[in-house]
Amino acid sequence: QVQLVESGGGFGQAGDSVRLSCAASGPIFESSLPGWFRHAPWKEREFVAVEGWRDISPLYADSVKGRFTISRDAAKNTVYLQLNSLKPEDTALYYCKTTPFSKFGSTDARDFGPWGQGTQVTVSS
(Lines give C-alpha, C1' and ligand atoms only; values in the text may rest on other atoms or scores of the structure.)
Protein backbone atom coordinates (compact mmCIF):
# COMPACT_ATOMS: atom_id res chain seq x y z
CA GLN A 1 0.00 0.00 0.00
CA VAL A 2 1.32 3.42 -0.95
CA GLN A 3 2.05 5.66 1.99
CA LEU A 4 1.84 9.44 2.11
CA VAL A 5 4.14 11.43 4.37
CA GLU A 6 3.49 15.10 5.03
CA SER A 7 6.23 17.54 5.99
CA GLY A 8 7.15 21.21 5.91
CA GLY A 9 5.00 22.58 8.70
CA GLY A 10 6.28 24.85 11.43
CA PHE A 11 5.77 28.14 13.23
CA GLY A 12 5.23 31.45 11.53
CA GLN A 13 3.68 34.86 11.85
CA ALA A 14 0.72 36.32 10.08
CA GLY A 15 1.67 37.16 6.53
CA ASP A 16 4.37 34.51 6.28
CA SER A 17 4.55 31.76 3.69
CA VAL A 18 5.28 28.06 4.02
CA ARG A 19 5.32 25.12 1.63
CA LEU A 20 4.03 21.76 2.71
CA SER A 21 5.11 18.56 1.00
CA CYS A 22 3.40 15.23 0.62
CA ALA A 23 5.74 12.47 -0.49
CA ALA A 24 4.26 9.23 -1.78
CA SER A 25 6.10 5.93 -1.55
CA GLY A 26 4.91 5.06 -5.06
CA PRO A 27 3.32 6.65 -8.16
CA ILE A 28 -0.13 6.93 -6.62
CA PHE A 29 -0.67 10.39 -8.06
CA GLU A 30 -0.74 8.86 -11.54
CA SER A 31 -3.98 7.07 -10.70
CA SER A 32 -5.64 9.41 -8.24
CA LEU A 33 -5.92 13.07 -7.36
CA PRO A 34 -4.08 14.51 -4.37
CA GLY A 35 -5.77 16.83 -1.97
CA TRP A 36 -5.19 18.53 1.35
CA PHE A 37 -7.33 18.75 4.47
CA ARG A 38 -6.70 20.37 7.81
CA HIS A 39 -7.79 19.99 11.39
CA ALA A 40 -7.71 23.00 13.65
CA PRO A 41 -8.11 22.77 17.42
CA TRP A 42 -11.72 22.48 18.52
CA LYS A 43 -12.91 22.41 14.92
CA GLU A 44 -14.01 19.75 12.48
CA ARG A 45 -11.58 18.55 9.86
CA GLU A 46 -12.04 20.59 6.71
CA PHE A 47 -11.23 20.41 3.05
CA VAL A 48 -8.46 22.72 1.85
CA ALA A 49 -7.64 21.89 -1.78
CA VAL A 50 -7.65 19.18 -4.41
CA GLU A 51 -5.70 19.07 -7.63
CA GLY A 52 -7.48 19.77 -10.88
CA TRP A 53 -8.34 17.11 -13.41
CA ARG A 54 -8.36 17.28 -17.21
CA ASP A 55 -9.35 20.86 -18.03
CA ILE A 56 -10.77 21.61 -14.62
CA SER A 57 -8.76 23.84 -12.31
CA PRO A 58 -7.91 22.84 -8.76
CA LEU A 59 -10.58 23.32 -6.14
CA TYR A 60 -9.93 25.37 -3.03
CA ALA A 61 -11.86 26.12 0.12
CA ASP A 62 -13.16 29.68 0.11
CA SER A 63 -11.08 30.42 3.21
CA VAL A 64 -7.81 29.75 1.37
CA LYS A 65 -8.65 30.70 -2.20
CA GLY A 66 -6.10 33.13 -3.59
CA ARG A 67 -3.61 32.35 -0.84
CA PHE A 68 -2.91 28.62 -1.14
CA THR A 69 -1.73 26.73 -4.22
CA ILE A 70 -1.59 22.98 -4.80
CA SER A 71 0.98 21.59 -7.21
CA ARG A 72 2.95 18.43 -7.87
CA ASP A 73 6.32 17.15 -8.96
CA ALA A 74 5.49 13.93 -10.78
CA ALA A 75 9.11 12.82 -10.99
CA LYS A 76 9.37 12.94 -7.21
CA ASN A 77 5.90 11.52 -6.48
CA THR A 78 5.41 14.61 -4.35
CA VAL A 79 2.56 17.05 -3.99
CA TYR A 80 2.94 20.49 -2.49
CA LEU A 81 0.70 23.00 -0.82
CA GLN A 82 2.05 26.55 -0.91
CA LEU A 83 0.56 28.65 1.87
CA ASN A 84 0.91 32.41 1.43
CA SER A 85 -0.37 35.32 3.47
CA LEU A 86 -0.82 33.07 6.46
CA LYS A 87 -3.42 33.95 9.06
CA PRO A 88 -3.74 32.74 12.65
CA GLU A 89 -6.88 30.86 11.61
CA ASP A 90 -4.71 28.76 9.29
CA THR A 91 -3.23 27.11 12.37
CA ALA A 92 -3.99 23.42 12.00
CA LEU A 93 -2.66 19.95 11.36
CA TYR A 94 -2.50 19.55 7.57
CA TYR A 95 -3.08 16.21 5.90
CA CYS A 96 -2.51 14.95 2.40
CA LYS A 97 -5.02 12.46 0.98
CA THR A 98 -5.93 11.10 -2.41
CA THR A 99 -9.22 10.58 -4.17
CA PRO A 100 -10.09 8.57 -7.30
CA PHE A 101 -10.72 10.48 -10.50
CA SER A 102 -14.36 9.40 -10.33
CA LYS A 103 -14.74 11.39 -7.11
CA PHE A 104 -13.29 14.62 -8.47
CA GLY A 105 -15.29 17.57 -7.22
CA SER A 106 -15.97 16.05 -3.84
CA THR A 107 -14.68 17.87 -0.79
CA ASP A 108 -15.91 15.14 1.54
CA ALA A 109 -13.05 13.50 3.39
CA ARG A 110 -14.87 10.16 3.16
CA ASP A 111 -14.23 10.18 -0.59
CA PHE A 112 -10.50 10.40 0.06
CA GLY A 113 -8.03 7.82 1.29
CA PRO A 114 -6.89 7.24 4.85
CA TRP A 115 -5.50 9.94 7.13
CA GLY A 116 -1.75 10.16 7.60
CA GLN A 117 0.13 11.74 10.48
CA GLY A 118 -0.10 15.25 9.08
CA THR A 119 2.17 18.23 9.51
CA GLN A 120 1.47 21.06 11.96
CA VAL A 121 1.28 24.68 10.90
CA THR A 122 1.07 27.27 13.66
CA VAL A 123 0.57 30.95 12.85
CA SER A 124 0.81 33.72 15.42
CA SER A 125 -0.73 37.14 15.05
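Attention here is on the structure that accompanies the text.

About the criteria used
- Residues numbered from 1 in each chain as written.
- Predicted model: local features only at pLDDT ≥ 70, side-chain atom pairs only at ≥ 80, totals over all residues.
- Heavy atoms only, no water.
- Pairing = 2+ DSSP bridges.
- Helix = DSSP H or I, 4+ residues; strand = E, 2+ residues; numbered from the N terminus.
- Phe/Tyr/Trp six-rings, centres within 6.5 Å; stacked < 30°, edge-to-face > 60°.
- Buried < 20%, exposed > 50% of the residue type's maximum accessible area, 1.4 Å probe, protein only.
- 1 Å grid on protein atoms, 1.4 Å probe; cavity = no way out; pocket = protein on both sides within 12 Å on 5 of 7 lines; lining within 4 Å.
- Points joined across faces, edges and corners; volume = space filled by probe spheres on them.
- Nonpolar A, V, L, I, M, F, W, Y, C, P; charged D, E, K, R; others polar.

Let's shift gears to the sheet that holds strand β9 (residues 92–99). Taken in spatial order, the six strands of this open sheet run β2-β10-β9-β4-β5-β6, and their pairing is mixed. Because the sheet does not close on itself, it has two edges, and the strands there are β2 (10–13) and β6 (59–60). Relative to β9, strand β4 (residues 33–39) runs antiparallel, the two being bridged by seven bridges. Considered in β9, the bridge of Leu33 is made with Thr99.

Let us now look at the packing of aromatic side chains. Evaluated as defined, the whole model comprises six aromatic pairs. Here Phe37 and Phe112 contribute two aromatic rings whose centre-to-centre distance is 4.8 Å and whose plane-to-plane angle is 80 degrees, an arrangement assigned as edge-to-face. Remark: Phe112 occurs in the loop between β9 and β10 (119–124) and Phe37 occurs in strand β4; sequence separation between them is 75 residues. A centroid spacing of 5.7 Å and a plane angle of 80 degrees characterise the contact between Phe37 and Trp115, whose relative ring orientation is edge-to-face. Pair noted here: Phe37 is in strand β4 and Trp115 is in the loop between β9 and β10, with a separation of 78 residues, a long-range link.

The two faces of a sheet get side chains in turn, since along a regular strand they alternate between them. Among the six residues of strand β8 (residues 78–83), five are classified as buried, and the element is accordingly described as predominantly covered. Direction of pairing for strand β3 (residues 18–24) relative to β8: antiparallel, over a ladder of six bridges. Among the inter-strand pairings, Cys22 is bridged to a residue of β8, identified as Val79. Relative to β8, strand β7 (residues 68–73) is paired through six bridges, and the arrangement is antiparallel. Bridged to Arg72 within β8 is Val79. Count of turn residues in the β7/β8 antiparallel hairpin: four residues, of which Asn77 carries a positive phi of about 50 degrees.

Scanning the model with the defined rule gives one cavity of 30 Å³ or more in all. Estimates place the volume of the largest cavity at around 30 Å³. Together, Phe29, Glu30, Arg72, Asp73, Ala74, Asn77 and Thr78 line the largest cavity. For the lining of the largest cavity, the residue count by class is two nonpolar, two polar and three charged.

So yeah, pure geometry; function would need other evidence.
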